[in-house]
Amino acid sequence: MQQIHPDDVIWRNARLATMAPDVPAPYGLKEQHALVVRGHTILAAIPESDIPSGHRHCVDLQGRLVTPGLIDCHTHLVFGGDRAAEWEQRLNGVSYQTISAQGGGINATVTATRSSSAETLLKLAQQRLQRLMNEGVTTVEIKSGYGLNAEAEEKMLQVARQLGLNNPIDISPTLLAAHAVPPEYRDDPDSWVETICQEIIPAAAEAGLADAVDVFCEHIGFSLAQTEQVYLAADQYNLAVKGHMDQLSNLGGSTLAAHFGVLSVDHLEYLDQD
């Protein structure tokens with residue numbers, strides 16, 4: 001370890017989750033330790049007994065747990081309105097499919113999001129993001145998917161970008177235009193997929209608004225063939241891919257996703273052993 005300088009800040013009296021594999025305790029936990037910080041760099045983790053006597057820049061953490069920055073890898077922070085009433089329905093046994101067929105679910109939020117200004121969406125999302133930061137989250141993935149037209153999807157991704165500029169946190173935006181078939185395309189979902197592939201993905205890639213492209217592959221979402229079409233378009237523009245897979249049935253989306261080397265597949269309630 002480098003010698004501790006008088007101007008270094010020592011965060012003392014802490015429980016450190018070091019994640020070190022050679023520490024037998026869960027999470028590499030070290031009790032009664034301190035962090036030595038120089039500028040923006042953690043210089044060392046030392047036992048309390050090694051703190052120089054009389055060091056003038058000490059912060060007493062009073063036994064608090066200190067962890068690495070947390071990552072929230074699946075959020076939908078940017079949206080308008082709320083669906084609290086639907087949550088009550090779900091608690092009373094009504095299925096998501098039934099709620100969706102009644103005009104609820106994703107499309108209810110789409111209506112509210114489209115009608116919300118970028119300023120309103122930013123204000124609401126900032127409040128949600130602040131709560132995550134208060135809990136120690138330092139990296140957040142934010143999906144679009146509640147706009148379901150070119151203009152509103154871009155608006156959501158722009159808000160996600162602005163959140164990254166406004167806050168000391170890493171934001172990873174994901175284009176989820178294939179979240180649901182919008183009302184305008186209810187009778188022609190293939191045309192919506194073509195719009196995503198030929199217009200929305202190219203525009204997002206050119207503007208640098210997305211790190212990845214996601215798809216809800218499900219009977220009430222998009223088929224395996226449609227999902228593959230979106231993945232191929234994303235690959236054409238060098239965007240990574242992800243998947244909402246096997247949430248309501250074993251449709252096989254995760255297998256398709258694996259063939260494309262996706263960053264992640266989420267939900268997986270019906271994932272089988274194969």
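Attention here is on the structure that accompanies the text. Just so we're clear, the structure is a prediction, and the values are computed from it rather than from any experiment. (Residues numbered from 1 in each chain as written. Predicted model: local features only at pLDDT ≥ 70, side-chain atom pairs only at ≥ 80, totals over all residues. Heavy atoms only, no water.)

1. Looking at the pairing of strand E9 (residues 212-217)
Then, number 1: For E9, a buried count of six out of six residues is recorded, marking the element as mostly surrounded by other parts of the structure.
Then, number 2: The side-chain alternation of E9 yields two buried faces, one formed by Ala212, Asp214 and Phe216 and the other by Val213, Val215 and Cys217.
Then, number 3: By the bridge criterion, three bridges tie strand E8 (residues 170-178) to E9 in an arrangement that is parallel. Its bridge partner lying in E9, Leu175 is registered against Val213.
Then, number 4: Crossover E8 to E9 through helix H6 (residues 189-207) is right-handed. (Buried < 20%, exposed > 50% of the residue type's maximum accessible area, 1.4 Å probe, protein only. Helix = DSSP H or I, 4+ residues; strand = E, 2+ residues; numbered from the N terminus. Pairing = 2+ DSSP bridges. Right-handed = clockwise from strand over helix to strand, strands pointing away.)

2. A short note on helix H5 (residues 150-166)
One turn of the α-helix equals 3.6 residues, which is why residues spaced by three or four share an orientation.
Then, number 1: Taking 1.5 Å of rise per residue, the 17 residues of H5 would be expected to cover 24 Å, and the 24 Å separating its terminal C-alpha atoms lies within 8% of that figure.
Then, number 2: If you check which residues of H5 are buried, you get Ala152, Glu153, Lys155, Met156, Leu157, Val159, Ala160 and Leu163.
Then, number 3: For H5, the secondary structure elements touched by its buried residues are helix H3 (106-115), helix H4 (118-134), strand E7 (137-143), E8 and H6. (Expected span 1.5 Å × (residues − 1). Contact = heavy atoms within 4.5 Å.)

3. Quick notes on the layout of surface pockets
Then, number 1: A volume near 690 Å³ is recorded for the largest pocket.
Then, number 2: Forming the boundary of the largest pocket are 23 residues, of which Arg83, Glu86, Arg90, Tyr96 and Tyr146 lie nearest the centre.
Then, number 3: The set of elements that each furnish at least two residues to the lining of the largest pocket consists of helix H1 (84-91), helix H2 (96-101) and H3.
Then, number 4: Considered class by class, the residues forming the lining of the largest pocket number nine nonpolar, 10 polar and four charged. (1 Å grid on protein atoms, 1.4 Å probe; cavity = no way out; pocket = protein on both sides within 12 Å on 5 of 7 lines; lining within 4 Å. Points joined across faces, edges and corners; volume = space filled by probe spheres on them. Nonpolar A, V, L, I, M, F, W, Y, C, P; charged D, E, K, R; others polar.)

4. What about the nonpolar core?
Then, number 1: In this structure, Val78, Leu129, Val140, Ile142, Leu175, Ile201 and Val213 are the most contacted members of the largest nonpolar core, which totals 49 residues.
Then, number 2: Listing elements by their share of this core, those giving two or more residues are H3, H4, E7, H5, E8, H6, E9 and helix H7 (224-236).
Then, number 3: The element best represented in this core is H6, accounting for seven residues.
Then, number 4: Apart from the residues lying within four places of it in its own chain, the contact partners of Leu175 are Ser144, Glu153, Leu157, Ile200, Ile201, Ala204, Ala210, Ala212, Val213 and Asp214.
Then, number 5: If you look at the next biggest cluster of nonpolar residues, it comprises eight residues, including Ile10, Leu43, Ala44 and Ile51. (Core = buried A, V, L, I, M, F, W, Y, C linked by side-chain atoms within 4.5 Å.)

5. What to know about the packing of aromatic side chains
Then, number 1: All chains considered together, the criterion is met by three aromatic pairs.
Then, number 2: On the numbers, 5.4 Å between centres and 45 degrees between planes, the contact of Tyr185 with Trp192 is tilted.
Then, number 3: What makes Trp192 buried here is its relative accessible area of 1%.
Then, number 4: Just above the ring of Phe79 sits the side chain of Arg128; from NZ or CZ to the centre is 3.6 Å. (Phe/Tyr/Trp six-rings, centres within 6.5 Å; stacked < 30°, edge-to-face > 60°. Lys NZ or Arg CZ within 6 Å of the ring centre and 35° of its normal.)

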